[in-house]
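A closer look at the structure
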Amino acid sequence: MDFKEFKDLVKNTRTTRRFKKNISIFNKDLEEIIDTARVVSSAMNKQPLKYIMVTKKELVEKLSSSSKWASHLENWTQSKDEQPSAFIIVLNDTSIDGYSMLDCGIALNTIMLGLKLKGFASCPLGSIDKELCKNLFSLSKNLEPILGIAVGLENESIKLVDLEEDSNYYRDENDVHCVPKKTLDEVLVGKF
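A short tour of the structure in this document, coming up. Nothing here was measured: the structure is a model prediction, and the numbers come from that model.

Examining the overall build of the protein
- Counting its secondary structure elements, the protein contains six helices and seven strands.
- Each helix and strand of the protein, placed in order from N terminus to C terminus, yields the pattern α-α-β-α-β-α-β-α-β-β-β-β-α.
- A burial count over the protein gives 43% of its 192 residues as buried.
- Taking contacts inside the protein between residues at least 6 apart in sequence as the whole, the part at least 24 apart equals 76%.
- Surface summary for the protein: the accessible area is close to 11500 Å², and the carbon and sulfur share equals 49%.
- Treating the 27 positive side-chain charges of the protein as one cloud and the 29 negative ones as another, the clouds have centres 4 Å apart.

Focus: the side chain of Arg17
- Tracing the backbone through its elements, the reader meets Arg17 in the loop between α1 (3-12) and α2 (27-37).
- Although Arg17 is buried, it forms no salt bridge, and the closest oppositely charged side chain is Glu156 at an N-O distance of 5.4 Å.
- In contact with Arg17, other than residues within four places in its own chain, are Trp69, Ala70, Trp76, Gln78, Glu82, Cys123, Glu156, Tyr169, Arg171 and His177.

Points about the layout of surface pockets
- Computed from the structure, the largest pocket encloses a volume of approximately 310 Å³.
- Around the largest pocket sit 15 residues that line it, and Asn22, Ile23, Lys57, Pro84 and Ser85 are the ones nearest its centre.
- Of the residues in the lining of the largest pocket, the class split is four nonpolar, five polar and six charged.
- Here the second largest pocket defines a volume of roughly 160 Å³.
- Lining the second largest pocket, in full, are Ala37, Arg38, Val40, Ser41, Ser42, Gln47, Pro48, Leu49, Lys50, Tyr51, Asp103 and Ala107.

Some remarks on the pairing of strand β4 (residues 143-152)
- Within β4, nine of the 10 residues are buried, leaving the element largely enclosed by the surrounding structure.
- Two strands pair when backbone bridges link them, and strand β2 (residues 86-93) and β4 are joined in this way by eight bridges, in the antiparallel orientation. The residue of β4 that forms the bridge with Leu91 is Pro145.

What about empty space enclosed by the protein?
- Counted according to the given criterion, the structure contains one cavity of 30 Å³ or more.
- Here the largest cavity is characterised by a volume of approximately 40 Å³.
- Forming the walls of the largest cavity are Asn12, Thr13, Arg14, Thr16, Met112, Lys116, Phe120, Ala121, Ser122 and Glu154.
- Only α4 (100-117) and β3 (121-125) provide two or more residues apiece to the lining of the largest cavity.
- Each residue belonging to the lining of the largest cavity can be placed in one class, and the counts come to three nonpolar, four polar and three charged.

Observations regarding the nonpolar core
- Val54, Leu63, Trp69, Phe87, Ile89 and Phe137 are the most contacted members of the largest nonpolar core, which totals 23 residues.
- When residues of this core are traced back to their parent elements, those giving at least two are β1 (49-54), α3 (57-65), β2, β3 and β4.
- Discounting residues that sit within four places of it in the chain, Leu63 has contacts with Val54, Phe87, Ile89, Ile128, Leu132, Cys133, Leu136 and Phe137.
- Ranked by size, the runner-up nonpolar core spans 21 residues in total, among them Ile88, Leu108, Phe120 and Val151.

The rules behind the values
Residues numbered from 1 in each chain as written. Predicted model: local features only at pLDDT ≥ 70, side-chain atom pairs only at ≥ 80, totals over all residues. Heavy atoms only, no water. Helix = DSSP H or I, 4+ residues; strand = E, 2+ residues; numbered from the N terminus. Buried < 20%, exposed > 50% of the residue type's maximum accessible area, 1.4 Å probe, protein only. Contact = heavy atoms within 4.5 Å. Areas by Shrake-Rupley, 256 points an atom, 1.4 Å probe, with all protein chains shown as cover. Lys, Arg positive; Asp, Glu negative; His and termini not counted. Charge placed at Lys NZ, Arg CZ, Asp CG, Glu CD. Salt bridge = Lys/Arg side-chain N within 4 Å of Asp/Glu carboxyl O. 1 Å grid on protein atoms, 1.4 Å probe; cavity = no way out; pocket = protein on both sides within 12 Å on 5 of 7 lines; lining within 4 Å. Points joined across faces, edges and corners; volume = space filled by probe spheres on them. Nonpolar A, V, L, I, M, F, W, Y, C, P; charged D, E, K, R; others polar. Pairing = 2+ DSSP bridges. Core = buried A, V, L, I, M, F, W, Y, C linked by side-chain atoms within 4.5 Å.

Given below as structure tokens:
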């Protein structure tokens, strides 16, 4: 992969909120993704993150229906036919004195890029019902859910647009999901 291909991969790895229905996601694919995420950088190499793979339809439905989707969009909900096919739940092992949020960001990016390379779309959800996760998966007290990553095949159009005033994402008149981004000049504050 050259740099242009990498940059295209990053640009095309967008948060998806509408998924195609009845898609099978195999544990092997999710295991390969998690196996890749486990070897990325970890602050002080403490490695406090743990993962749960969820592919059972009834559990995916519970996780999806209890999460808050697209909070910046008024009058938008995800229908049952638009729910993901799987979830990866990212956990913090609180018995390890690490930097779980930093590690989670690194792992999340790796997971999302890996899923895209495998042909899947994803949506990180900090709004996942953490108490539901604790109960559904009988988590020990030291395992705290950080976020859920919905996985499936995307069923929506998403595009990056230049940021004008409001950084919130929105749907245009054609129901395309638009994600405003600052320009390079707005984020690059110096060249020394």
